[in-house]
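For reference, the chains in residue letters:
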Amino acid sequence: MRGPAFALAAVGAIVVLLAFGVRPIRTAAQTRSASGWQLIVLGIAQDAGIPQLGCDQELCKSIREGKRKPERVASLGLVNRALGISYLFDATPDMVSQLATLNGGHAPTEIFLTHGHIGHYTGLMYLGRESIDAKSIPVHGTERMAKYLTTNGPWSQLVSRNNIDVRVLTPDTAVDLADGVRVTAFLVPHRDEFTDTVGYLIEHAGKRALFVPDIDQWSKWSRSIRELVDTADLAFLDGTFASADELPGRSIADIPHPLMPATRALLKGTRAKVWFIHLNHTNRELGAADVVRDGAIFPF
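These numbers come from a predicted model, not from an experiment.

Asker: Sorry if this is basic, but what is going on with the packing of aromatic side chains here?
Answerer: A ring pair, where both rings are aromatic, is described by two values, the distance of the centres and the angle of the planes. The final tally for this structure, using the stated rule, is 11 aromatic pairs. Aromatic pair W37 and Y87: ring centres 6.1 Å apart, planes at 5°, arrangement stacked. Of this pair, W37 sits in strand β1 (residues 37-43) while Y87 sits in strand β3 (residues 85-89); the two residues are 50 residues apart in sequence, bridging distant segments of the chain. Given a relative accessible area of 0%, W37 falls into the buried group. Owing to a relative accessible area of 2%, Y87 belongs among the buried residues under this scheme. Where Y121 meets Y148, the ring centres are 5.7 Å apart and the plane angle is 85°; that geometry is what we call edge-to-face. Placement of the pair is Y121 in helix α4 (residues 118-121) and Y148 in helix α5 (residues 143-151), with a sequence separation of 27 residues. Residue Y148 is classed as buried on the basis of its relative accessible area, which comes to 13%. An aromatic cluster is built from Y121, Y148, W155 and F194, whose rings are joined through pairwise contacts. Sitting over the ring of W275, K273 keeps its end group 4.6 Å from the ring centre.

Asker: Please clarify how the sheet that holds strand β10 (residues 207-212) should be interpreted in this entry.
Answerer: In a beta sheet, neighbouring strands pair by backbone hydrogen bonds and run either parallel or antiparallel. Read from one edge of the open sheet, 6 strands run β7-β8-β9-β10-β11-β12, paired in mixed fashion. Of all the strands in the sheet, the pair left with one neighbour each is β7 (174-176) and β12 (273-277). Here the average twist between neighbouring strands, direction ignored, is 20°. As paired elements, β10 and strand β11 (residues 234-238) share 4 bridges and run parallel to each other. The residue of β11 that forms the bridge with V212 is L237. Where helix α8 (residues 260-267) meets the sheet, it contacts β11 and β12, and its direction lies at approximately 165° from that of β12.

Cut-offs used in this document
Residues numbered from 1 in each chain as written. Predicted model: local features only at pLDDT ≥ 70, side-chain atom pairs only at ≥ 80, totals over all residues. Heavy atoms only, no water. Phe/Tyr/Trp six-rings, centres within 6.5 Å; stacked < 30°, edge-to-face > 60°. Helix = DSSP H or I, 4+ residues; strand = E, 2+ residues; numbered from the N terminus. Buried < 20%, exposed > 50% of the residue type's maximum accessible area, 1.4 Å probe, protein only. Lys NZ or Arg CZ within 6 Å of the ring centre and 35° of its normal. Pairing = 2+ DSSP bridges. Axes fitted to C-alpha atoms, helices over the stretch in contact; angles between N-to-C directions. Contact = heavy atoms within 4.5 Å.

This is the structure:
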């Protein structure tokens, strides 16, 4: 049996760690809310992941050489393991490993899609007969997203074979889920070649989290991002680029995103904890303190 001396030693060790700015690692059990719900970051990279195809930067080389881990494509999960329920926000090309993190590698209870760019919906392919051959997994998207899935192969085969059950979201109207979870989609301006684009407000037990991984510019939006973030506890926001000169030979005007320093200035002093997500492989601020880490867990 461990006595008072052991307890004092443990406390002392924690004090030393904190003094040097090192935070003790918190286990999944320690980060679980009283309700059992956890919001889990499942990836932080832009659609093509890190390393990106054709990237010869030191970052990409170090990952290929096994010196650091790859970064999965941006996605969030909400899970309650006691209830056996898991919700996935965006179905990325990394969905198989992301579901292993979220729920042990099973199909999620429901999926919410933001839009029709490659990093946000193509993971649906793993629900087909070449893989799990899922049975009627609810997949939520806007009317344009639903039409895209039902009228374009190979996604239409997922619909015709009842692998997925496409459900149309009405922007600004909450979807009520299990155990008091509510999800509300809202339209955001983005390059909407095939579908429109939404962000999400996720709510449970008085907590509110925003997920806006893609937007052209905050100034193009009819809403005030500042006002919206001020109502939230957590905000996971577009951090694709940190500077306008990241892409030699390409104009950032062709792929507009709000720059991270501008977003920081706009949201300075907000009540919410702001985290950047959806970072490009060129982003020099990949290791910044306000860039969320893959695997981060937030009690919800």
